[in-house]
Amino acid sequence: MKGLIIDEPWIGLILKDEKIWEMRKTACHHRGPIALIRKGSGAVVGTAEVAGSLPAIETREAYAAAEQHHRIPLARQETAFDDGWRTPWVLSNAQTLPKPVPYMHPYGAVIWVNLNNDVIAAIRSETADRPATDPVSVAAIQHPVPVSAPRSQARSHLHAKQPGSVRLVRVTGGNLRNNHVYLPLDFSPKDAIGGSNKTELAERTIAVTFVPGQTVETDIDGTKRILRARSPVADFFARAGMNDGDRLRIARVEPYRYEIVKVEDA
């Protein structure tokens, strides 16, 4: 397992699920689980998964528009942009370890650390009893629709639907800030609708494919009318460039399988 070194306040925001883009100067080729190292602490303080690496942001306007994802405040954006911190690494499933795990920092390491087996075992021990209630599987991360895929390719994932198998919903600012989508409950299987917290999971899950993005197995929080798994929603918002007022097409392709794609208004 590799450890990614991140300074404050960014690592704190990531662990609070308030920042899903870690801005870097070059693309990230690693995918899957990583350890999160607080810079200067000598310890692993959390874990996450690298879901992808987006193209570098090309304009200051686009940089400012993406603040909700990278969380760099406006006053610091010009310097960050000019210094080349323009490439988003998309993180998901960030979680704080119950207890930090110390490691030996190798001389000269400034971005990645290759953790030894003892440290990896200690991290796994800290996460062994964690309930899997926000399931972004490794398989889902390994098979996203590429960020660079043309829209025609993304749309090809949607097959012809029977009448009544498609709903359109509008994305709000609250959705974007909190990484969720409001779902029509009458469009969802009743046994996939659970309660308001992780102790009230539904009897079964649905598979949701975001285009572009990941496929996730999750149930539905029936009180809030949202997918319980939020990290894949955040990843989809980032990849699709969602804005307040944009529309989504939710398509039921099988009784327990759905596809969600951004609607391109004419």
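Just so it is clear, the structure is predicted and the values come from calculations on it, not from any experiment.

1. Brief notes about the sheet that holds strand S11 (residues 220-221)
Next up, step 1: In spatial order, the strands read S8-S11-S12; together these 3 strands make up an open sheet with mixed pairing. Each end of this open sheet is capped by a strand with a single partner; those strands are strand S8 (193-194) and strand S12 (226-227).
Next up, step 2: When S11 meets S12, the two strands line up antiparallel, connected through 2 bridges. Bridged to Ile-220 within S12 is Leu-227.

2. A few points about the pairing of strand S14 (residues 257-263)
Successive side chains on a regular strand alternate, one facing one side of the sheet and the next facing the other.
Next up, step 1: Of all the 7 residues making up S14, 6 are buried; the element is thus mostly covered by neighbouring parts of the structure.
Next up, step 2: Here strand S9 (residues 206-211) pairs with S14 via 5 bridges, running parallel. By the bridge assignment, Ala-207 is partnered in S14 with Arg-257.
Next up, step 3: Where strand S13 (residues 247-254) and S14 come together, 7 bridges link them in antiparallel fashion. Its bridge partner lying in S14, Glu-254 is registered against Arg-257.

3. Side note on the sheet that holds strand S1 (residues 2-6)
Next up, step 1: Spatially, 6 strands are ordered S2-S5-S4-S3-S1-S6 in an open sheet, and the strand pairing comes out mixed. Two strands bound the open sheet, and with one partner strand each, they are strand S2 (21-24) and strand S6 (112-114). Each neighbouring strand pair of the sheet contributes to a mean axis angle of 40°, computed without reference to strand direction.
Next up, step 2: With 6 bridges joining them, strand S3 (residues 32-38) and strand S4 (residues 43-53) adopt antiparallel strand pairing. Looking at the pairing, Leu-36 lines up with Gly-46 of S4.
Next up, step 3: Lying over the sheet, helix H5 (residues 117-127) contacts S3, S4 and strand S5 (87-102), oriented at roughly 85° with respect to S5.

4. So, the pairing of S3
Next up, step 1: S3 sits mainly inside the fold: 5 of its 7 residues count as buried.
Next up, step 2: Of the pairings in the sheet, the one linking S1 to S3 comprises 4 bridges and is parallel in character. Across the sheet, residue Ile-6 finds its bridge partner in S3, namely Arg-38.
Next up, step 3: Following S3, the chain reverses through 4 residues before pairing antiparallel with S4; Gly-40 in that reversal takes a positive phi of roughly 80°.

5. Examining the pattern of salt bridges
Next up, step 1: Taken as a whole and assessed by the stated rule, the structure comprises 11 salt bridges.
Next up, step 2: The shortest N-O distance in the salt bridge between Arg-71 and Glu-18 comes to 3.4 Å. Taken together, the residues span a long stretch of sequence, with Arg-71 in the loop between helix H3 (67-70) and helix H4 (74-82) and Glu-18 in the loop between helix H1 (10-15) and S2 at a distance of 53 residues.
Next up, step 3: By relative accessible area, which is 30% here, Arg-71 ends up partly exposed.
Next up, step 4: Of the charged contacts in the structure, one is a salt bridge between Arg-239 and Asp-235, with a shortest N-O distance of 2.9 Å. With Arg-239 and Asp-235 both in helix H9 (residues 231-240) and 4 residues apart, this pair spans about one turn of that helix.
Next up, step 5: On the basis of relative accessible area, Arg-239 is assigned to the buried category, the value being 12%.
Next up, step 6: Beyond isolated ion pairs, a larger network of salt bridges with shared partners links Lys-19, Glu-22 and Arg-24.

Parameters at a glance
Residues numbered from 1 in each chain as written. Predicted model: local features only at pLDDT ≥ 70, side-chain atom pairs only at ≥ 80, totals over all residues. Heavy atoms only, no water. Pairing = 2+ DSSP bridges. Helix = DSSP H or I, 4+ residues; strand = E, 2+ residues; numbered from the N terminus. Buried < 20%, exposed > 50% of the residue type's maximum accessible area, 1.4 Å probe, protein only. Axes fitted to C-alpha atoms, helices over the stretch in contact; angles between N-to-C directions. Contact = heavy atoms within 4.5 Å. Salt bridge = Lys/Arg side-chain N within 4 Å of Asp/Glu carboxyl O.

Purely geometric stuff here, so don't read any function into it on its own.
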